[in-house]
Amino acid sequence: MKYFWILLLILLFTIFAEFIRKRALQKNLNSIYDAAYKQNDEELFNLLIESPQAKMLMSDASRLLIKLNYYITINQDEKIIKTVNKLRSMRLDKNSRKSFYSSAIGTYCEKQWDDAVSLCEELQEKAQNSKDQDLILLYLDCRLLVDIYIHKDISKASALEEIINSKIDDHSKVIYMIRLARLYDLNHQKESCHKWLKKAQSIAKGPARKKVDSLLKKGWN
C-alpha cells in the first residue's frame, strides 16, 4: 500500500508539472506572437524567441520553424534562406518535417528560387521511404508547385482544372485557381490569367479574397 501512494504521488506530480509546462509554453508563444504580428516588433520577437525560457520550453527545431514563418511574413529573403538551411541540416520529427517543407517549398516556389527543386527532391526521398499518407500528399502538392512556378509547365493546366472541378471546398478551389492563373501569367497568357483570377474572386472570402483583389489590382510583383 505504501508503494501505491508513492507511485500515485509521482503520477500526480508528473501531471501537475506537465500542466505547468504547457501553461508556460502557451504564455511564451502568445508573447512571441504578439511581438511578431501585433506589435510588428522584430527586435522584441528575436529577444523572446532566443530567451532562456523559450529555449527551455521549445526545441531548436520548433523555434526555427517559428522564425521561418515570421521571416516569410515580413519578406526577409536572406533570413529565410539562412533559416531554411539550418532546418535542412536538422533531424526533424514527423510534424515538424511536414511544416518545414510545406513552408519552405511554397515560399521558394512563389519567389521562383531554383533551390525549390532540390527541396522538393529531399521531400520526395522522405515520402518514398514513408507510409505517412499526409507526407506523400504534401510531396505531390509541392511537386505541382515546382512544375508551375519553377518549370512553368503549361501542360499542368488541365490537371489544375480537374482539381478545381473536383469535389473540394471553395477555399481549396481558390488556392488552385490562383495557381492556375499564375501558371498562365508565367506563360504570358494574360487573358486566361485574368479569367481565373476573376473566377477566384467570385468565391473567395477573407484573406484569400484580399489576396485575389490585390493580384487583380497590382499584379504578381
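Residues numbered from 1 in each chain as written. Predicted model: local features only at pLDDT ≥ 70, side-chain atom pairs only at ≥ 80, totals over all residues. Heavy atoms only, no water.

Undergrad: Would you mind going over the packing of helix 6 (residues 94-110) against helix 7 (residues 115-128) with me for this structure?
TA: Two elements in contact, helix 6 and helix 7, have axes separated by 9 Å at closest approach and are oriented at 155 degrees. Viewed along their axes, helix 6 and helix 7 adopt a mutual orientation that is roughly antiparallel. Between helix 6 and helix 7 the crossing geometry is left-handed. Contact with helix 6, carried on its side by Arg97, Phe100, Tyr101, Ala104, Ile105, Tyr108 and Cys109, involves Asp115, Ala116, Leu119, Cys120, Glu122, Leu123 and Lys126 of helix 7 and no other residues of that element. For the contact of helix 6 with helix 7, the per-class residue count stands at 10 nonpolar, no polar and 4 charged. (Axes fitted to C-alpha atoms, helices over the stretch in contact; angles between N-to-C directions. Helix = DSSP H or I, 4+ residues; strand = E, 2+ residues; numbered from the N terminus. Parallel < 35°, antiparallel > 145°, perpendicular 65-115°, else oblique. Left-handed = near helix turned anticlockwise from the far one by under 90°. Contact = heavy atoms within 4.5 Å. Nonpolar A, V, L, I, M, F, W, Y, C, P; charged D, E, K, R; others polar.)

Undergrad: For this particular structure, what's the right way to read helix 5 (residues 77-88)?
TA: Three- or four-residue spacings in an α-helix give side chains the same orientation, since the helix completes a turn every 3.6 residues. Taking 1.5 Å per residue, 12 residues should reach 16 Å; helix 5 reaches 16 Å between its end C-alpha atoms and fits that length. Among the residues of helix 5, Ile80, Thr83, Val84 and Leu87 are the ones counted as buried. Seen end-on, helix 5 carries its buried residues on one side only, within an arc spanning 105 degrees. Pointing more than 90 degrees away from the buried face of helix 5 are the exposed residues Glu78 and Lys82. Contact partners of the buried residues in helix 5: helix 4 (60-73), helix 6 and helix 7. (Expected span 1.5 Å × (residues − 1). Buried < 20%, exposed > 50% of the residue type's maximum accessible area, 1.4 Å probe, protein only. Arc of directions from axis to C-beta.)

Undergrad: Please clarify how unusual backbone geometry should be interpreted in this entry.
TA: The general pattern is negative phi for most residues beyond glycine and trans for most peptide bonds. Unusually for a residue other than glycine, Lys152 sits at a positive phi of about 55 degrees. Tracing the backbone through its elements, the reader meets Lys152 in the loop between helix 8 (133-150) and helix 9 (157-164). Take Lys152: its relative accessible area is 37%, and that puts it in the partly exposed class. Its identity as a non-glycine residue notwithstanding, His188 has a phi of 60 degrees, on the positive side. Summarising the element assignment, His188 is placed in the loop between helix 10 (170-186) and helix 11 (190-203).

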